[in-house]
Each structure stands twice: as C-alpha cells, then as structure tokens.
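# Summary of the model geometry
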Amino acid sequence: MTGQSYSSGDGSGDLWLVRTDLDGEELWSRTFDSPGQDEGRSVRATNDGGSIVVGSTRLDGDDPNVLVVRYDQ
C-alpha cells in the first residue's frame, strides 16, 4: 500500500509505503521525505521482489511534479 504520512514531524507529508502479509499484518514500512509534500499514489511489485512507487511531490505551492521511487526487496 502507498499513501502519505506525517511521521517526520516537520509538517510536510512524506511518501509512505507499507508491505503486509496475506492476513494484512505489517511486514515493514518505509517513508520517502523530501523538502516538499510527497505522496504515493500507485505501487507495483518488481520482478526481483522490490517495489516501485509513483506519486507526486510539491514545493511551497508549486504545481506538483511526478515522483518515482524504487525500493529493493
């Protein structure tokens, strides 16, 4: 699953990625934090067991930019 978290404490949103098992129990969680507002919108598994997340990032009211983040297994 992917979305947005405010866990960094600086007030800006971070891209958030969570992997669960088949029962919905969390296996791990990762965040991506840039100086702007980051948000994950779509996640797909890669052939090597990793994940690729597509979302957006926005700095100080600017138009959003595409954000692509790849995580290893």
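Bear in mind that the values here come from a model prediction, so they are computed numbers and not experimental data. (Residues numbered from 1 in each chain as written. Predicted model: local features only at pLDDT ≥ 70, side-chain atom pairs only at ≥ 80, totals over all residues. Heavy atoms only, no water.)

Attention shifts here to the overall build of the protein chain. Along the backbone of the protein chain there are zero helices and six strands. Going through the 73 residues of the protein chain one by one, you find that 30% of them count as buried. Within the protein chain, counting contacts between residues at least 6 apart in sequence, those at least 24 apart form 29% of the total. In the form shown here, the protein chain has an accessible surface area of approximately 5,000 Å², with 47% of it arising from carbon and sulfur atoms. Measuring between centres, the 6 positive side-chain charges of the protein chain sit 7 Å from its 14 negative side-chain charges. (Helix = DSSP H or I, 4+ residues; strand = E, 2+ residues; numbered from the N terminus. Buried < 20%, exposed > 50% of the residue type's maximum accessible area, 1.4 Å probe, protein only. Contact = heavy atoms within 4.5 Å. Areas by Shrake-Rupley, 256 points an atom, 1.4 Å probe, with all protein chains shown as cover. Lys, Arg positive; Asp, Glu negative; His and termini not counted. Charge placed at Lys NZ, Arg CZ, Asp CG, Glu CD.)

This brings us to the sheet that holds strand 4 (residues 37-45). Strand order in the open sheet formed by three strands is 4-5-6, and the pairing between neighbours is antiparallel. Two strands in the sheet have a free side with no partner beyond their single neighbour: strand 4 and strand 6 (65-71). Pairs of neighbouring strands in the sheet enclose a mean axial angle of 25 degrees, with direction left out of account. Relative to strand 5 (residues 51-58), strand 4 runs antiparallel, the two sharing eight bridges. The residue of strand 5 that forms the bridge with Asp38 is Thr57. (Pairing = 2+ DSSP bridges. Axes fitted to C-alpha atoms, helices over the stretch in contact; angles between N-to-C directions.)

Further remarks concern the pairing of strand 3 (residues 26-32). In this sheet, strand 3 lies alongside strand 2 (residues 14-20) in antiparallel orientation, the contact comprising six bridges. Among the inter-strand pairings, Trp16 is bridged to a residue of strand 3, identified as Thr31. Where strand 2 folds back on strand 3, the antiparallel hairpin that results is connected by five residues, among which Gly24 adopts a positive phi of roughly 85 degrees.

A separate point is the environment of Leu27. Position of Leu27 among the secondary structure elements: in strand 3. Since its relative accessible area comes to 51%, Leu27 is described here as exposed. Leave out the neighbours within four places in its chain, and Leu27 touches Arg19, Thr20 and Asp21.

These figures come from the coordinates and say nothing about function on their own.
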